[in-house]
Amino acid sequence: MISIGEAQRKVLESIPVLGRQRLHILDALGRVLAQDVIAMRDVPAGDNSAMDGYCCRHEDLAGASPHQPVTLKVIGESPAGSPFQGTVGPGEAVRIMTGGLLPRGATTVIMVEHTRLEGEQVVCLKDPGPALHIRLRGEDVRENETVLTSGTIVRPPEVGMLATLGHAYVHVYQRPTVAILSTGDELVDLDEPFTDGKVVCSNSYSLAAQVLDCGAAPISLGIATDDAEDQRARLADGMRADVILTSGGVSVGKYDLVKDTLAQFAMQVKFWKVAMKPGKPLVFGTIANKPVFGLPGNPTSAMISFEQFVRPALLKMMGHRNLFRPLVEATLADPVRTGPDRLHLVRCKLFEEDGVMMVSPSGSQSSGALRSMILADGLMILPPEDAPFSAGNRVKVQLLHTNSPLSPYSPYE
Ligand code: AMP
Ligand code: MG
């Protein structure tokens, strides 16, 4: 049995980064840039006003105040989009709106709130200081500057920047297709009669949801019985996908045939059985360089194994640099019994007590129990230990279901 850290390394070293594709910037949301983006122009393209008001030569307003107002002659206006063509001379002002280009000669902007318009004249009640309320040409982005680098995740601000720079399309990494096969004689699908002894096949759906959640594309191969021929025929349909996931039938039971079926496709097995709980009976290998994960059938084992191995693998294929969920440290509120042989991933809830981040199990840790998975903020990572972990111990928690940034560090390194 290999350690979870070694297993994760073996998985990731077998995973290729996929090729590139060109996408419209909105379709690229959530994807990873596969190109650098270089600014072809300054942003902003010219000096402009950050306020609605009047622009003029600063020396004209030096020392202006409500007691010593300065009156200037309004010679025109510079709304956003239609620049004033003339020059602002001594004693003159141009009405300017936010985003309006600063005319020649003007060196400051006074906010409209600090002025009073009297016919053709504006009375200025304040000295705004030199170069105030002016957004300088190129202050955000300079022409020829590399603004975004390959490997950047396209989020809403990146979409905005790409649009600002005039890019309608960008190159991003492709996303993998992931074929999912559930196996088990006892399984019925959602549209099949639920009779005695049967189990509803939830894994096809929870795994597909996890695949979607990573930004990849699931393909359902349905349910195979514990029959080598049925499994082989359905898996054959999956061979065009980039990744294959199976669930169930990889343990040591009489009807656990998935490994034998995969052997018929000449799978090169990299490991079978990982020292973790839940999720021990996991097989990983490649079929002609295509990664294949034989996940255990228990619903929570399958989901937690997906989290540790499949998610980082899919993220790597899609060009992500940070592959792992973030970790936090927390103080155990209750003792937790583990064991000497396997690393335990304990579904847990985080809460604060007197300013200290505390953690306790979120319910039954049975490999089948999904409720505690729903209630879990994360997974405690408890290395193999003879003695139980006592209340007060500091432990690491891998955060699930979070939008916080991903981490460059594997918890197992
Ligand atoms: P196995 O790994 O095939 O021995 O299955 C372990 C447990 O997980 C059994 O109780 C199965 O009924 C259950 N199980 C297997 N596959 C699924 C599935 N697709 N959906 C829900 N439960 C499953
Ligand atoms: Mg089974």
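Residues numbered from 1 in each chain as written. Chains lettered and ligands numbered in written order. Predicted model: local features only at pLDDT ≥ 70, side-chain atom pairs only at ≥ 80, totals over all residues. Heavy atoms only, no water.

Let's talk about the domain arrangement of the chain
- The assigned domain composition of the chain is domain 1 (4-19 + 174-317), domain 2 (20-43 + 140-173), domain 3 (48-135) and domain 4 (327-399).
- Distance between the C-alpha centres of domain 1 and domain 4: 26 Å.
- Of the residues lining the interface, 13 residues belong to domain 1; the matching set on domain 4 comes to 14 residues.
- Taking both partners together, domain 1 and domain 4 bury about 1300 Å²; carbon and sulfur atoms supply 63% of that area.
- Counting the surface domain 1 buries against domain 4, the share from its top three residues, K277, T300 and I304, is 40%.
- Remark: the boundary between domain 1 and domain 4 carries zero salt bridges.
- Looking at the side of domain 1 that touches domain 4, the elements that each hand over two or more residues are β19 (276-277) and α7 (299-317).
- Element by element, the count of residues in the side of domain 1 that touches domain 4 is highest for α7, at six residues. (Domains from an automatic or database assignment. Contact = heavy atoms within 4.5 Å. Buried area = accessible area lost by both parts, 1.4 Å probe. Salt bridge = Lys/Arg side-chain N within 4 Å of Asp/Glu carboxyl O. Helix = DSSP H or I, 4+ residues; strand = E, 2+ residues; numbered from the N terminus.)

Considering the packing of helix α4 (residues 203-214) against α7
- Look at α4 against α7: their axes get within 10 Å of each other, and the N-to-C directions meet at 25°. On the basis of their axis angle, the class for α4 and α7 is roughly parallel. Between α4 and α7 the crossing geometry is right-handed. Together, N203, S206, L207, Q210, V211 and C214 of α4 and P299, A302, M303, F306, E307, R311, L314 and L315 of α7 make up the contact between the two elements.
- Considering only residue class, the contact of α4 with α7 consists of nine nonpolar, three polar and two charged. (Axes fitted to C-alpha atoms, helices over the stretch in contact; angles between N-to-C directions. Parallel < 35°, antiparallel > 145°, perpendicular 65-115°, else oblique. Left-handed = near helix turned anticlockwise from the far one by under 90°. Nonpolar A, V, L, I, M, F, W, Y, C, P; charged D, E, K, R; others polar.)

A word on the sheet that holds strand β4 (residues 53-56)
- In space, the six strands of this open sheet follow the order β7-β4-β6-β5-β9-β8, with mixed pairing throughout. Each having just a single partner strand, β7 (108-111) and β8 (115-118) make up the two edges of the open sheet. Each strand of the sheet is rotated relative to its neighbour by a mean of 40°, with strand direction disregarded.
- In this structure, β8 lies alongside strand β9 (residues 121-124), joined through four bridges in antiparallel fashion. Each bridged residue has a counterpart across the sheet, and for R116 the counterpart in β9 is V123. (Pairing = 2+ DSSP bridges.)

Here's the deal with unusual backbone geometry
- V43 connects to P44 through a cis peptide bond whose omega is -10°.
- The residue after K277, namely P278, is reached through a cis peptide bond having omega 0°.
- Turning to its location among the elements, P278 is positioned in the loop between β19 and β20 (283-287).
- Of note in this structure, H133 is not a glycine but carries a positive phi near 55°.
- Mapped onto the elements of the fold, H133 is located in the loop between β9 and β10 (134-135).
- One non-glycine residue with positive phi stands out, namely N289, at about 70°.
- Checked against the element boundaries, N289 lands in the loop between β20 and β21 (290-295).

Some thoughts on the nonpolar core
- Of all hydrophobic cores here, the largest spans 43 residues; its most connected members are L245, F293, F309, L314 and L345.
- Of all elements in the fold, only α1 (4-13), β13 (177-183), α4, β17 (243-247), β21, α7, β23 (343-353) and β25 (378-382) reach the threshold of two or more residues within this core.
- Here this core spans two domains, since at least three of its residues come from each of domain 1 (4-19 + 174-317) and domain 4 (327-399).
- With sequence-adjacent residues up to four places away left out, F309 is seen in contact with I4, A7, Q8, V11, V274, M276, L282 and F293.
- Counting residues in each nonpolar core, the second largest holds 16 residues, with L33, V37, L148 and V172 among its members. (Core = buried A, V, L, I, M, F, W, Y, C linked by side-chain atoms within 4.5 Å. Buried < 20%, exposed > 50% of the residue type's maximum accessible area, 1.4 Å probe, protein only.)

Observations regarding the environment of Y169
- You can see Y169 is positioned in strand β12 (residues 169-173).
- Overall, the relative accessible area of 42% leaves Y169 in the partly exposed class.
- Remark: the alpha-carbon pair of Y169 and Q21, spanning 148 residues in sequence, is separated by 9.9 Å.
- If we skip the residues at most four places from it in the chain, Y169 touches R22, L23, H24 and I25.

Section: α7
- For α7, spanning 19 residues, the distance from its first C-alpha to its last is 25 Å, which sits close to the expected 27 Å at 1.5 Å a residue.
- Approximately 45° is the largest bend angle found in α7, and it occurs at E307.
- G319 sits one or two residues past α7 and shows a positive phi near 90°. (Expected span 1.5 Å × (residues − 1). Bend = angle between axes of the 7 residues up to and from the residue.)

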